[in-house]
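Chain residues, written in single-letter form:
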Amino acid sequence: MRLGLLSLALLVPALAAAETKPPAYEAGFNVGPLKAQSLSKLTFGPDGILFIGDSIGARIFAVDVDDRTPVSDPGKLNVSDLEGKIGGMLGVDARDVLIHDMAVNPISKNIYLTASRGRHSFTVDWQLPNDVANASVLLRISPKGEIQEVRLDKVKFSATEVSNPANEKVEIDWKKTKARVDAISDMAFADGKLFVAGLSNEEFASTMRVYDFPFSKNGSSSSLEIYHGSHGKYETEAPVRTFLPIRINGKPTLLASYLCTPLVVFPIDDLEDKKHVKGRTIAELGDGNYPLDMVEFQFKNKKYVLIVNSKRGDILVSEDSLSQPLPNITSPIEGTGGIPFDHPRTVGGVLHAGNYGEKNLVFLRRDGFNGELQLVTREIDLP
Amino acid sequence: MILAAVVAVAVAALAGNHPTIAYDAATQTVNVSGLGDAAASLQDQRIASQVLRVYLGDMPSAMIGDYQLTGEVLTFTPRFPLLPGRDYRVVLDLSELAPNKDPMVYRFRTPAAPVHQSTFVTEVYPSADVVPANLLRIYIYFSRPMSRSGILNHIRLVDQSDHPVEQAFLETEGGLWDPEARRLTLFFHPGRIKTGVSLHEKMGLALKPGGRYRLIVSKDTEDAEGQPLGADFTKEFRVAPEDRQSPDVREWNIQAPRANTRNALVVDARKPLDHALFERLIRVEDPAGNVVRGAVTLEENDTRWRFVPEQPWRAGEYYLRAAGELEDLAGNRPTRLFEEIAAADGRRAEASEAVIKFRTYE
């Protein structure tokens, strides 16, 4: 759509009036160009602060994206042909547009995506977007479906280092990629702390880092070990692909999942600096599969976690099954096993999912019939 | 309020102006001149991006980039390079500034991509014109990185009557490439080589002794940039009987070098060995077990291994170590055949490292 100049002029004071003030800790932020080498992972923190993980540059940025106007009921969203629209902005054909990550601002319900021109670069199976290209563009999709670039050449931000990240030279031969692209494999914010999963340059590469926010010093770093039932062995090499901070019977816990798809819990209290932490494998969700995203939501006073997958569909785990005595898988499992889970009806073809207000979820999904990448919202409704 | 006043001035100023739009291929920028006083309101990037929009082809949204006002000239620099040989559309929409003005549309086409020299096949191993019927691997080297997908659709093996040999090679997803995607390894289907395996019994060896064959890499094969090879590549060879003899390290002929020189050490294996393995799996050690560093080349159709040390040879003894994984063209290893027959007790010989001592001469 076209926004006239006069309406733009009217919009500016209206925004300024509704905008809540920036938080006091921003006194320590810089204003200037944010020079990231890869916009690898996104997650929202407090006060509309967007965390951007830069795996190649081994840094984490906390960015004030100037987006704090509350929207409680954003309505329905349905953006079709997302790659065509973003392709126009990047100056490439839709088939070259690659979306790397998605995060929803819980205050404004604006959806943030990172993008590159890299989709033609996939060469072998199992490559993920960050394996084949570095995202360099941050985009914002409003509840009205307008797509805008969020320029990073003059923003308010602070940054912290990712210490001892996976070495730039280490190659992952089976998928022709570099370990460094997973220096940051997922991020989440909870209870004043930023959790950052990824690969370090240590012998036990899989790592969970925890940072205070506002950033004060280097975060803590714990190496992770899990039993992988479908591989029949203990593993420390593969990174956590997606995780969520949740509470299990009131206890702060990270629910994490890996390629081929063990589902593991790590009590947050265990994540001490320089400790080797063993997770408890509570389910195997099926081999030959990437878990891509996790989202927690509430329906009829019960909490649920939805896990979206590359090849195993969307998987629903209920608070009920997590609050029972949890299994501890330590021997080989064929197929699936562990805590019970469902395959709910969702929109299909989901790559990312996020909360969109209390009653809706938003999905980045590819339509199986027309091939379009879309952003769609659905009201939460379980049988 | 202030902005409204600026707009009013701009409307008045624009009436007599005739903007000109131009694309500058050297800087990949779009420039609009002749904006007159309207230029003043275009200092704001947001306003400028509404007024001047540049589209790739018929894409639904305008490209992102930077807008820079220099005097009365508005310059758009796209964030990403423009694509070669493509149509672009520029829309200059001043209707908010001058209600009677229709948007101006200007089209341009970017120059086609410079044609670089086509990618080609540089080497094929085995390089000899005669290969055993139970040949295990073929290596194809390309001048540039290749597209990994669907490579076997572009490679044919045909016999002397031009009939394609079906199921000659083992199909693997994406093909077997080195990390750079410049060397492709083709494995002859092991099921057709191993006696007793159903594919062998049904179809026999892919290569018939006495036959003549051509390996053809089609000109449609694409490199990593999607450019096809310039021409078909063809390698012809004759087929000798099956080779079911282990390479015998004791038979190797070693031409020892002279001490205090950097003369080459030449090892004649008396039969062609697997190119990649022969190059990689032989090493020279001094009596203390230190590896002697140097450069390896293979000669005489991969029958000879030639080694030039970085430092001059010392007088005395050296050891040549051949790893157990070394193979000839049929996959036979120094102490183990590709099809090693089990002994009466069910055991099969395992390939093991061979060590040969030599002395430099003075």
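Residue numbers run consecutively from 1 along every chain, following the written order of its sequence. Here the convention is simple: chains get letters from A, ligands get numbers from 1, in the order in which they are written. Thresholds applied to this predicted model are a pLDDT of at least 70 for local features of residues and 80 or more for the giving and counting of side-chain atom pairs; totals over whole chains, interfaces and linings are not thresholded and use all residues. The side-chain figures draw on all heavy atoms in the structure; neither hydrogens nor water molecules are used.

Looking at the packing of aromatic side chains
Residue and element names in this part refer to chain B.
Phase 1 of the analysis: Side-chain rings of Phe, Tyr and Trp, where Trp is taken by its six-membered ring, are said to pair if the distance between their centres is within 6.5 Å; with planes under 30 degrees apart they count as stacked, over 60 as edge-to-face, and otherwise as tilted. One pass over the full model with this rule turns up 27 aromatic pairs over all chains.
Phase 2 of the analysis: A ring pair is formed by Phe142 and Trp177, whose centres lie 5.8 Å apart and whose planes are at 40 degrees; its orientation type is tilted. Residue Phe142 is located in strand S10 (residues 137-142), and its partner Trp177 is located in strand S12 (residues 176-177); the two are separated by 35 residues in the primary sequence.
Phase 3 of the analysis: For every residue, the accessible area obtained with a 1.4 Å probe (protein chains only) is divided by the maximum for its type, and the residue is called buried under 20%, exposed over 50%, and partly exposed between those limits. The exposure class of Phe142 is buried, given its relative accessible area of 1%.
Phase 4 of the analysis: The interplanar angle of 80 degrees and the centroid separation of 6.2 Å between the aromatic rings of Trp313 and Phe358 together place this pair among those described as edge-to-face. Residue Trp313 is found in the loop between strand S20 (304-309) and strand S21 (316-322), and its partner Phe358 is found in strand S22 (residues 354-360); the two are separated by 45 residues along the sequence. When sorted by exposure, Trp313 lands in the same class as Phe358, which is buried. Note on conventions: DSSP H or I runs of at least 4 residues are helices, E runs of at least 2 residues are strands, and numbering of each starts at the N terminus.

Let's talk about the interface of chain B and chain A
Phase 1 of the analysis: What makes two residues a contact is simply this: any of their non-hydrogen atoms within 4.5 Å. Listed per partner, the contact involves 28 residues of chain B and 30 residues of chain A.
Phase 2 of the analysis: Interface area lost by chain B to chain A is led by Ile64(B), Phe80(B) and Glu96(B), which between them contribute 23%.
Phase 3 of the analysis: Every case where a carboxyl oxygen of Asp or Glu lies within 4 Å of a side-chain nitrogen of Lys or Arg is listed as a salt bridge. Here chain B and chain A share three salt bridges between them.
Phase 4 of the analysis: Here Arg79(B) ties to Glu149(A) by a salt bridge, and the two come within 2.4 Å at their closest N and O atoms.
Phase 5 of the analysis: We call two N or O atoms a polar contact when they sit within 3.5 Å, provided that within protein one can donate a hydrogen and the other can accept it, with sequence-adjacent residues counted only if both atoms are side-chain atoms. Along the contact surface separating chain B from chain A lie eight residue pairs in polar contact (both at pLDDT 80 or more).
Phase 6 of the analysis: For the side of chain B that touches chain A, the elements supplying multiple residues, two or more each, are helix H2 (45-51), strand S3 (52-56) and strand S4 (65-70) of chain B.
Phase 7 of the analysis: When residues of the side of chain B that touches chain A are assigned to their parent elements, the largest contribution, four residues, is made by H2(B). The term buried area refers to how much accessible surface (probe radius 1.4 Å) is lost by two components on association, counted for both of them together.

Overview of the confidence of the model for chain A
Phase 1 of the analysis: Put simply, chain A has an average pLDDT of 93, and 95% of its residues get 70 or more.
Phase 2 of the analysis: A low-confidence stretch, residues 1-18 of chain A stays under pLDDT 50, and its non-local contacts, those more than four residues away or across chains, total 22 contacts. Residue-level confidence of the predictor is what pLDDT reports, using numbers from 0 through 100.

Regarding the nonpolar core
Proteins that are soluble and globular tend to have nonpolar side chains buried together.
Phase 1 of the analysis: Counting 52 residues, the largest nonpolar core has Ile86(A), Ile111(A), Leu375(A) and Leu74(B) as its most contacted members.
Phase 2 of the analysis: In this structure, Ile111(A) is in contact with Leu77(A), Met102(A), Ala103(A), Val104(A), Leu139(A), Arg140(A), Ile141(A), Tyr356(A), Val362(A) and Leu375(A), ignoring residues within four places of it in sequence.
Phase 3 of the analysis: Only buried Ala, Val, Leu, Ile, Met, Phe, Trp, Tyr and Cys residues count toward a nonpolar core, and they belong to the same one when joined by side-chain atoms within 4.5 Å. Among the nonpolar cores identified, the runner-up in size contains 32 residues, and Ile151(B), Val165(B), Phe188(B) and Val217(B) belong to it.

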